Amino acid sequence: VEVQSAGQVKKLKPGEQAVLQTSTHVLSKNRNVDLDEIMAWKNGFFYFDNTDLKTIMKRLERWYDIEAEITGNEGSRKFGGSISRNVPLSEVLKVLKESNIQVIVKDRKVRIVP
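Since we're looking at a predicted model, the values are computed, not measured.

## Notes on the confidence of the model for the chain
Close inspection of predicted coordinates is inappropriate in any region flagged by low pLDDT.
And step 1. Residues with a pLDDT of 70 or more make up 100% of the chain, whose mean pLDDT is 89.
And step 2. Across the chain, element-level confidence peaks in strand β6 (residues 67-70) with a mean pLDDT of 96 and bottoms out in strand β1 (residues 2-5) with 77.

As structure tokens, this is what we get:
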């Protein structure tokens with residue numbers, strides 16, 4: 001596959017990804033693509049593979065339009081698995097609670113506490 005942007009052309013092989021740096025308009029090729037994560041997103045799932053809680057909460061912030069706060073060392077805990085993006089936030093937080101994560105929800109703010 002060939003990808004073009006601003007006169008630049010990149011040939012991609014299976015498993016590669018084109019990345020456009022919007023600030024510089026430079027088109028580059030990324031060979032370190034996590035196809036499981038990309039396919040999960042395409043198919044309507046969050047996918048985590050040894051992903052730290054801080055990164056997970058950032059994804060949840062964007063998807064559910066919430067504000068997340070993590071206190072203590074909880075942000076470095078790692079998780080794996082997948083969950084549908086179509087489930088309510090309460091179901092996602094239930095999974096975290098089942099993993100011994102203390103979650104406090106008030107309005108659109110989610111706090112993770114030690």
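More follows now that the structure is in view.
## So, the nonpolar core
And step 1. Ranked by size, the top nonpolar core spans 18 residues in total, and within it L53, L60 and V110 carry the most contacts.
And step 2. At the level of secondary structure, the elements contributing two or more residues to this core comprise β5 (45-52), α2 (53-64), β7 (78-84), α3 (89-98) and β9 (109-113).
And step 3. Of the residues forming this core, the biggest block, five residues, is contributed by α2.

## Focus: unusual backbone geometry
Most peptide bonds take the trans configuration, and most residues that are not glycine carry a negative phi.
And step 1. In this model, N50 sits at a positive phi of 55°, which is unusual for a non-glycine residue.
And step 2. As for its placement among the helices and strands, N50 is situated in strand β5.
And step 3. For N50, a relative accessible area of 53% puts it in the exposed group.
And step 4. With a phi angle near 55°, D107 is a residue other than glycine that sits in the positive phi range.

## Remarks on a nonpolar patch on the surface
And step 1. Side chains of L35, I38 and M39 sit close together on the surface and give an oily, nonpolar patch of about 250 Å² of accessible area.
And step 2. With respect to the helices and strands, the residue M39 is situated in helix α1 (residues 35-42).

How each quantity is defined
- Residues numbered from 1 in each chain as written.
- Predicted model: local features only at pLDDT ≥ 70, side-chain atom pairs only at ≥ 80, totals over all residues.
- Heavy atoms only, no water.
- pLDDT = per-residue confidence, 0-100.
- Helix = DSSP H or I, 4+ residues; strand = E, 2+ residues; numbered from the N terminus.
- Core = buried A, V, L, I, M, F, W, Y, C linked by side-chain atoms within 4.5 Å.
- Buried < 20%, exposed > 50% of the residue type's maximum accessible area, 1.4 Å probe, protein only.
- Patch = residues over 30% accessible without salt bridge, like charges linked within 9 Å, V, L, I, M, F, W, Y side chains within 5 Å.
- Areas by Shrake-Rupley, 256 points an atom, 1.4 Å probe, with all protein chains shown as cover.
- Salt bridge = Lys/Arg side-chain N within 4 Å of Asp/Glu carboxyl O.

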